[in-house]
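# Summary of structural features
What follows is the residue order along each chain.
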Amino acid sequence: MKPAVPHAVEAGPRSPLAMVMTVTPRALLAAVPVVTLGMLSFVPSLVIAARRGRAGDWAACAGFAAANVAWVLWAALTPEETRGAEFAADLLLVLVTTLGAAAHALFAGAPWRTHRAGADGTA
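Residues numbered from 1 in each chain as written. Predicted model: local features only at pLDDT ≥ 70, side-chain atom pairs only at ≥ 80, totals over all residues. Heavy atoms only, no water.

### Let's talk about the overall build of the chain
Assigned secondary structure in the chain consists of four helices and zero strands. The order of α-helices and β-strands along the chain, N terminus first, is α-α-α-α. Per-residue burial over the chain gives 23% buried out of 123 residues. Taking as baseline every contact in the chain between residues at least 6 positions apart, the subset at least 24 positions apart corresponds to 56%. (Helix = DSSP H or I, 4+ residues; strand = E, 2+ residues; numbered from the N terminus. Buried < 20%, exposed > 50% of the residue type's maximum accessible area, 1.4 Å probe, protein only. Contact = heavy atoms within 4.5 Å.)

### Description of the packing of helix 3 (residues 55-77) against helix 4 (residues 85-107)
Closest axis-to-axis distance for the helix 3/helix 4 pair is 10 Å, and the angle between their directions is 150°. When the axes of helix 3 and helix 4 are compared, the pair comes out roughly antiparallel. For the pair helix 3 and helix 4, the sense of crossing is left-handed. From helix 3, Ala60, Phe64, Ala67, Asn68, Ala70, Trp71 and Trp74 reach across to helix 4, where they touch Glu86, Ala89, Asp90, Leu93, Val94, Val96, Thr97, Gly100, Ala101 and His104. Class assignment for the residues of the contact of helix 3 with helix 4 results in eleven nonpolar, four polar and two charged. (Axes fitted to C-alpha atoms, helices over the stretch in contact; angles between N-to-C directions. Parallel < 35°, antiparallel > 145°, perpendicular 65-115°, else oblique. Left-handed = near helix turned anticlockwise from the far one by under 90°. Nonpolar A, V, L, I, M, F, W, Y, C, P; charged D, E, K, R; others polar.)

### Concerning the side chain of Ser41
Its place among the elements puts Ser41 in the loop between helix 1 (16-35) and helix 2 (42-52). Apart from residues no more than four positions distant in its own chain, Ser41 is found in contact with Pro33, Phe64, Asn68, Thr97 and Ala101.

### Considering helix 3
The first and last C-alpha atoms of helix 3 sit 33 Å apart over 23 residues, in line with the 33 Å expected at 1.5 Å per residue. Burial in helix 3 covers these residues: Asp57, Ala60, Cys61, Phe64, Ala67, Asn68 and Trp71. The inward-facing, buried residues of helix 3 abut helix 2 and helix 4. (Expected span 1.5 Å × (residues − 1).)

### Focus on the pattern of salt bridges
Side-chain pairs of opposite charge can arise whenever the charged atoms involved come near each other. Going through the model one piece at a time under the given rule, you end up with one salt bridge. Note that Arg52 and Asp57 form a salt bridge whose closest N and O atoms lie 2.7 Å from each other. For Arg52, a relative accessible area of 30% gives the class partly exposed. (Salt bridge = Lys/Arg side-chain N within 4 Å of Asp/Glu carboxyl O.)

### Some details on the environment of Pro33
Position of Pro33 relative to the elements: it lies in helix 1. Using a relative accessible area of 0% as the deciding quantity, one classes Pro33 as buried. Sequence separation between Pro33 and Ala102 is 69 residues; the distance between their C-alpha atoms is 6.1 Å. Apart from the residues within four sequence positions on either side, Pro33 is in contact with Gly38, Ser41, Pro44, Thr97, Thr98, Ala101 and Ala102.

### Details of the confidence of the model for the chain
Across the chain, the average pLDDT comes to 77, with 70% of residues at 70 or higher. Mean pLDDT across the elements of the chain bottoms out in helix 1 (77) and peaks in helix 2 (89). (pLDDT = per-residue confidence, 0-100.)

### Some thoughts on helix 2
Looking only at helix 2, the buried set comprises Pro44, Ser45, Ile48 and Ala49. Considered in projection along helix 2, the buried side chains sweep an arc of 130° and stay on one side of the axis. Seen from the open side of helix 2, the exposed residues pointing more than 90 degrees away from its buried face are Ala50 and Arg51. (Arc of directions from axis to C-beta.)

Set out below in structure tokens:
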């Protein structure tokens, strides 16, 4: 007698390999802004937006691209020795483009946030 639910669809604990394979692409995307110190902060959000095509994802991509452009312009226009507010602005832009983009790559589209309206009969 065949089971009512096919083996591949059965609910239960996932294998460690399956969990690693689902987390690895997000971890690699999150590593891009960290390794490049924010210079390629828009890349993870661009990949996420290209995959899902949602307006919010494209807005996040535009935001990180704008922060990246602002950081590059700020770095080009500020003198080599910065103190006070200029240093704080520099640090803020680097943190937003580096840590913010890495966090977005890790947590955007996490399983607990990807509920599609209408997929289970609810709105």
